[in-house]
Amino acid sequence: MSEIKVEFTLNDNKESVVVPAEERLLDTLRERFDLTGTKEGCGVGECGACTVILDGEAVNSCLVPTAQVDGRQVRTVEGLAEGDELDPLQQSFIDHQAVQCGFCTPGMLMSARALLDKNTSPTEEEIKTALDGNLCRCTGYKQIVDAVEAAAKKEERE
Amino acid sequence: MKKDISFYHCEELDAALKLLAEDNNLKPIAGGTDLMVEMRNDENFQENISGLLDITALEELQGITVKENHINIGALVTHQEIVNSEVLQEKYSALVAAAAAIGSTQIRNRGTIGGNVCNAAACADTLGPLIAFEADALLESYAGERVVPAADLVTRPYQTVIRDDELLKCFRLPLPAADTFSNFQKIGRRQALAITRISLALVAQIADGMVKQVKVVPGSTTPVPEPFAGVEARIRDRKIADLKPAEIAAAASEEMVSITGERWSTPYKKPALETLVTRALVQLKEVADNE
Amino acid sequence: MPEKKQVNKSKKRVDARAKVTGKAKFGADLKFHNMLYGQVVRTEYPHAKIININKSKAEEYPGVEVVMTAEDIPNNLFGVIIENQQVLAEDRVLYIGDGVAMLAARSKKAAREAAKLIEVEYEELPGVYGVEEARQADSPVVMPGEENNQVIHHPLRKGDVSEGLTEADIVMERKYTTQFVEHAYIEPEAVTVVPEERNTLVTVYGAVQNPNATRDAVANVLDCDLSKVRIIQDNMGGSFGGKDENISAMACRAAVMALATNKPVQLVNSREESIIESYKRHPYTMNYKIGAKDDGELVAMEIEAVADSGAYACQTPFVTWRSVVQATGPYEVPNVKTDTYGFYTNSPYTGAMRGYGSPPVIFAQESMMDELAAELDLTPAEIRRKNMFKNNSRTASNQKLDNHEVSLTEVMDKALSAIDYHDKYEKYNQPQDSTIKRGIGFAISYRGVSLGAEAIDAAGAIVSVQKDGSIILYSGLAENGQGLKTVFSQIAAEELGVSLERITHMETDTSVSPESGSTVASRSTLVGGSAVKKAAENIKTVIAEFVAEEYDYSGKIIYRDDALYTKEGERIVAFPELAATAFHNGVFLSSYGWYKAPGISWDEETGQGRPYFTYVYGCQAAEVEVDTGTGEVKVVNMSAAHDVGKAINPANVRGQIYGGAVMALGHALMEDLGFSKGFIKHTNFDEYLIPTVKDAPENIEAIIVENPDPAGPYGAKSIGEPAMELGGAAINNAIAQATGRRLRDLPLNLERVLLGRNLSKED
C-alpha cells in the first residue's frame with residue numbers, strides 16, 4: 001500500500017497517477033504533470049503560492065497528500081483560461097496592474113476564483129478574508145483587491 | 001533513505017478502527033494542515049509511523065447535528081464549516097470566533113476541529129471555547145467508546161489522552177441555556193495567519209442579573225488551556241452589576257502566574273490577559289444591562 | 001509638446017499575461033535533460049573550525065553523482081566590492097548560513113537524503129554577535145586576515161559641530177536601533193547551470209537579480225573568461241535587492257558541479273535554506289545629537305550610525321555610504337559631523353535591500369525631528385517646514401540643489417492634505433477615552449537617485465527593428481518584477497511611434513545585453529530608460545536619412561500610430577513597410593543605446609562633494625490605531641506623495657508606492673528573525689511574519705508628484721526605494737502620538753508597544 005493509485009479530475013481532465021503516501025499534491029502537479037504555474041514559497045501552508053482549488057475550496061497544495069485527492073476535482077491556474085480566452089479574474093489582474101513579480105499571482109487567482117465561484121458579490125472584507133492566506137511582497141495588495149472587486153462586479157453583470 | 005509508509009483510505013468507521021487496533025503506528029490524517037507540516041519538518045516523523053490512515057470519508061465523524069439537549073460537532077468539521085454554521089453562530093459564538101481567527105482561508109478550508117484539538121498545541125484556538133462550553137469528546141476504538149470532557153483531553157503540549165487505537169469521533173456540546181453570553185478574543189502578531197499570542201474564551205450563563213455559571217479559559221497562557229477556577233469563583237453566583245472587571249482581571253493574571261510561574265513572556269502576558277478579561281466582563285455587563 | 005501616446009500612460013504590463021496564465025517560467029520551473037539536483041550542507045554553528053569532512057557515505061548513496069567541498073573549487077572567493085565571500089567554507093565557518101559541502105544527485109530525494117550522510121566535524125568557536133562587541137579593541141577578529149572588525153568608516157564633516165552645539169538653545173541626544181530584515185521575496189532562490197551549452201563553458205538560468213555581477217562571480221570562481229559564462233535571467237519572483245551575492249554563490253556552486261558531472265545542475269532553496277543563508281538588511285545602532293534654536297532652527301547634528309555587516313563585507317561599504325549622505329535628512333544644517341561604520345560579526349551577512357542605507361537613518365532622523373518638535377512645542381510640520389531643503393539649499397555634503405525642483409513643500413502638502421493630517425493631528429492630541437487610541441504621523445525624505453559616487457553609472461540597451469516592423473529589445477538592466485520591461489518597452493514604443501504589441505522585451509542575457517551595472521538603486525528608469533531612448537533615437541537618425549533618400553522627405557518626421565508622418569501630418573509610410581523597405585535596401589535599423597549619468601564627486605575624507613546628480617523627494621503619512629491594552633497596532637490609513645520627475649507608467653508607480661508602504665509597515669511592526677547568538681529561530685513564514693492583506697492599511701493614497709528632471713527620460717526619476725524608506729518613521733511617529741510614549745527600536749511589536757521594551761527568551 002505504499003504506492004497508491006489515485007484517479008482524479010485535473011482541470012477537467014481525468015487523470016491517473018501512482019504516488020507514494022507522502023507525496024504532496026504540489027509535487028504531483030509540478031513534477032508529474034508539469035503544471036509549474038502552482039508555486040512553492042514556503043512548504044508549510046503560510047504563503048499560499050501553491051493554492052489550488054480542491055472540490056471548490058481553495059487549499060494549499062503543499063499540505064494535501066495526493067493520495068487524498070482520489071475521486072476529487074483539482075483546478076490549477078493552468079485551468080482558468082479557456083483556450084485563449086482568459087478568466088475574468090486573469091483579465092482583471094492584467095487591467096488593474098495587480099501583477100508585479102508574478103510569483104504569488106497563480107495562488108492569488110485561485111483563492112479569488114474559489115471566492116467568486118461561491119459569492120458573486122463579495123464585500124471588500126470578504127475579498128480580504130479570501131486572500132488572507134496569500135502573501136505578496138510586491139504589491140501591498142491594493143491593486144490585487146481592486147482587481148478581484150472589479151472582476152466580481154463584471155461577473156455579476158454578466 | 002526515508003522508509004516507505006502505507007496509506008489507507010477507509011469508508012467505514014469499523015474498518016478504520018480495526019486497522020488502528022491492529023497497527024498502533026498508523027497516523028490518522030484529516031485536513032493535514034498540521035500533519036503535513038510535521039511530516040516535512042520532523043526528520044523522524046516518517047520513521048516513527050507505519051502509515052497514514054485517511055479518515056476524511058468517515059461519515060460518523062462528519063457534520064454538525066442538533067440533538068434534543070446537545071449538539072454534535074464531528075471531528076472532521078472544518079473551521080470554515082464552523083464559521084458558516086448558523087446554529088453555531090447563534091449558540092456558540094465564541095467557538096465560531098475562535099475558528100474564524102485560525103490561520104487563513106486555505107487552512108480553515110482543510111483544518112478540522114478534531115485535528116486542532118488532537119494536535120494539542122498550546123495555542124490551539126478551538127480547545128478553549130470547547131472547554132468553556134463544557135464539551136465532551138467522544139472517543140471510539142474497536143473495543144468501544146468512551147467519553148472524556150474536553151477539559152481533560154489534553155495533558156500537556158502536543159499530548160492528549162487519546163490512545164493510538166482510538167479516533168476522536170465528535171464533540172458533544174450541551175445546548176446553552178437561553179441567556180448565555182460567550183466571548184472569544186485573540187491577540188496575534190498580525191491580522192491573519194497569526195499564531196495566538198494569547199486568547200480568552202469566556203462563557204457565562206445569565207439569569208436575573210446574576211451569573212449562574214461561568215467558564216473562563218485563557219489560551220496560550222498555560223501549557224494546556226484550562227479553566228481558571230479562581231477567576232470563575234469571583235464571577236459565579238454574583239450580581240453582574242457588582243462585578244469589578246479590573247479586579248477580576250488582576251486575579252486572572254495572578255492565577256496565570258500561579259500556574260506557569262514567572263516566565264520571560266510574563267511581563268507582557270499579565271497586562272494583556274487582564275485587558276482581555278476586562279473587555280469580556282465589560283461586554284458581559286453591557287449585554288446584561290440591555291436585557 | 002504633442003501628447004505622449006505610450007509613456008505617461010498606465011499601460012498594462014507586458015509580462016502580465018504570461019504571469020496570470022501560469023506560463024511564465026521561474027527559476028525552479030526549468031527542466032533539462034539529465035538534470036541533477038543539488039543540495040548544500042550548511043554549518044551547524046555560527047562560528048566554528050572545520051576539523052574534518054567525511055563525504056564517503058554520501059558518495060556511495062544511490063543516485064549521487066558528485067560530492068564536493070571547498071578544496072574542489074578552483075577559486076573559492078568572490079565579492080562585488082571586497083572579494084572575501086566563500087563559495088564553500090574552507091577551514092572556518094563564519095555565520096550560520098555558510099555552506100561546507102555540496103552534492104548533486106539524480107533525484108531531489110536522493111540529494112536531500114545523501115546530504116544528511118555528509119559528516120562534518122567542527123570545533124565550535126566563540127562568536128562575535130553584535131556591533132557593540134565587534135568594535136571593541138579586544139574583540140576577536142571575525143574575518144581571517146583582517147586586523148580588526150571594521151569593514152568601513154565614512155566620515156562627513158561640515159562646518160564646526162562643537163561650535164554649532166554651543167550656539168544651540170537646546171541639545172538633544174537619542175539612540176535608535178533597527179533590526180535585521182529578511183527580503184522575503186515569495187520565490188525562494190533557484191538557479192540551473194548547464195555545462196558547455198552551445199559555445200559557453202556554463203550557462204546559468206535562474207532568479208538572478210544582477211546577471212553581470214553573477215557572471216563576474218562565476219567566471220572568477222571557474223577562473224575563465226567572462227565570455228565563457230552566460231547568464232540568462234528567468235522571471236524573478238521578487239528580489240528587493242536580495243538575489244545578488246546569494247544567487248551568485250548558488251550559481252558558482254551549481255557551475256562547479258555541472259562541470260564536474262558534465263550535466264545540468266539545479267539548486268533550489270527551501271524557505272528555511274533561503275532565510276538561513278541569504279543576506280539581510282543591515283541592523284543599525286544610531287546615536288543622534290541635534291542642536292537647535294528655540295524657534296526650531298537646526299544648528300548642528302552629530303551622528304554616529306553603526307551597521308552590522310555580518311560575516312562578509314558584501315555591500316556594506318556602499319550601504320553605509322548612502323546612510324552618510326541621507327543621515328541628516330532633507331534639512332539645512334550648517335554644522336554636521338557624521339560617522340557611519342560597518343563591522344564584521346558572526347551574524348548573517350548583510351547587503352542590499354530596497355532602500356539600501358536609508359530606511360534606518362530615516363527612521364532615526366525623522367523620529368527625532370518629532371521628538372525635537374515636541375520639546376520645542378512646535379508641531380511636526382512646523383519644525384520640518386522651518387528647516388527643509390528648498391531650491392538652492394545646500395546639503396550636508398555641501399551640494400547645492402540647483403539643477404532640479406526641490407519639491408519637499410509640494411510632496412508634504414499633498415501627502416498631509418490627502419490624509420487630512422492637520423485636523424486629525426489636532427484631534428488625536430486631545431485626550432482619547434477608549435483604550436484603543438489613534439495617532440497620526442509622517443516623515444519626509446530626500447534621496448539621491450541612482451548609484452551616486454558608489455560606482456560607474458552607465459547602462460545600455462539594444463533596440464532591433466525586424467524587417468516586419470516588430471522590435472526586439474534587450475536591456476542590460478534586468479526585470480526583477482518591478483515592471484522594467486513594460487517601462488522600457490513604453491519608451492521604445494514612444495520614440496518609434498509604434499504600439500506596445502510590436503515590441504518583445506527579451507530576458508537579460510549577458511552574452512547579448514550590454515553590461516550595465518546592477519539593477520539597483522532605483523536607477524533603471526532613469527539610466528536604463530535613457531539608454532533605450534538613445535537606442536531608439538539612433539535608429540531614427542538612420543531612418544531620417546533613409547526617408548530622405550527613399551521617400552524624398554527631409555523634414556522632421558513624426559512617429560505615431562505605427563507610421564511615419566511629415567510635420568504637416570501627411571503620412572509617409574507605415575512602420576512595417578518602412579522596416580521591410582529599409583531591410584531590402586540594406587539599411588540597418590538596429591542600435592545600441594548607451595547612457596552615462598552626469599558627473600559627480602566625493603571626498604572620502606570629509607564627505608563633501610556632489611554625491612548624486614539629482615534627488616527625489618517624498619512624504620508618507622500614517623494613521624494608526626493602537627490597542628493600549630494589548631499592544632496591537634493597526635495602520636488604518638496611509639498617504640504617500642512622491643516626486644518621481646515624471647511617471648512613465650502611473651499604475652506601476654502607484655504599485656511601487658503601495659508595495660513600498662506595506663513593506664515598510666512590516667519592518668516597522670512585525671518583522672523579526674529571532675536571533676539567538678548567531679542562530680536564526682524564525683526560518684519560515686510561520687514565524688518570520690510579513691504583512692498579509694489584512695495588515696495592509698484600509699487605504700493608501702498614492703500621490704504622484706511630477707517635476708520633470710532634466711536628467712531623466714521624459715523627466716522621469718525613481719520610485720522603487722523612495723516608496724519604502726519613509727513608512728517606518730511615519731508609523732513610529734503615529735504610535736508615539738497615540739500612546740504618548742516614544743519608541744526608538746524596531747520592530748514595534750506587541751511587547752514594545754504595550755510595555756515600552758522588548759522581551760526575549762535570552763534576557
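All values derive from a computational prediction rather than experimental measurement. (Residues numbered from 1 in each chain as written. Chains lettered and ligands numbered in written order. Predicted model: local features only at pLDDT ≥ 70, side-chain atom pairs only at ≥ 80, totals over all residues. Heavy atoms only, no water.)

Enquirer: Could you clarify how one ought to interpret the interface of chain C and chain A in this entry?
Expert: Note on interface size: it is often stated as the accessible area lost on association of the parts. At the interface, 58 residues of chain C touch 48 residues of chain A. At the boundary of chain C with chain A, total buried surface from both sides reaches about 4000 Å², with 56% on carbon and sulfur atoms. Area buried by chain C at its contact with chain A is led by Val20, Ile186 and Val693 of chain C, which between them contribute 19% of it. Taken together, the links from chain C to chain A amount to eight salt bridges. As a salt-bridge pair, Lys31 of chain C and Asp34 of chain A come within 2.7 Å of each other at their nearest N and O atoms. Along the contact surface separating chain C from chain A lie 27 residue pairs in polar contact (both at pLDDT 80 or more). Within the residue set of the side of chain C that touches chain A, elements represented by two or more residues are helix 1 (16-20), helix 3 (108-115), helix 17 (650-669) and strand 32 (699-705) of chain C. Examining the composition of the side of chain C that touches chain A, we find that 10 residues originate from one element, helix 17 of chain C, more than from any other. When grouped by side-chain class, the residues that make up the side of chain C that touches chain A number 24 nonpolar, 16 polar and 18 charged. (Contact = heavy atoms within 4.5 Å. Buried area = accessible area lost by both parts, 1.4 Å probe. Salt bridge = Lys/Arg side-chain N within 4 Å of Asp/Glu carboxyl O. Polar contact = N/O pair within 3.5 Å; in protein donor to acceptor, adjacent residues only side chain to side chain. Helix = DSSP H or I, 4+ residues; strand = E, 2+ residues; numbered from the N terminus. Nonpolar A, V, L, I, M, F, W, Y, C, P; charged D, E, K, R; others polar.)

Enquirer: Whenever I open this one, the environment of Ser121 of chain A confuses me. Can you help?
Expert: Residues and elements named next belong to chain A. Along the polypeptide, Ser121 turns up in the loop between helix 3 (105-118) and helix 4 (124-130). Along the chain, Ser121 and Ser16 lie 105 residues apart, while their C-alpha atoms are 36 Å from each other. Once residues within four sequence positions are removed from consideration, Ser121 is found in contact with Glu126 and Glu156.

Enquirer: Quick question: what am I supposed to make of the sheet that holds strand 11 (residues 180-188) of chain B here?
Expert: Sheets are built from strands that pair by backbone hydrogen bonding, the pairs being arranged parallel or antiparallel. Residues and elements named next belong to chain B. Reading across the sheet, the three strands line up as 11-12-13 and stay open at both edges, with antiparallel pairing between neighbours. With partners counted over all chains shown, the strands left at the sheet margins are strand 11 and strand 13 (210-219), one partner each. When strand polarity is set aside, the average angle formed by the axes of neighbouring strands in this sheet is 10°. Here nine bridges tie strand 12 (residues 196-207) to strand 13, and the two strands are oriented antiparallel to one another. The residue bridging Val203 from the neighbouring strand is Lys215, located in strand 13. Along the sheet face, helix 12 (residues 266-289) touches strand 11, strand 12 and strand 13 and points at about 30° away from the line of strand 12. (Pairing = 2+ DSSP bridges. Axes fitted to C-alpha atoms, helices over the stretch in contact; angles between N-to-C directions.)

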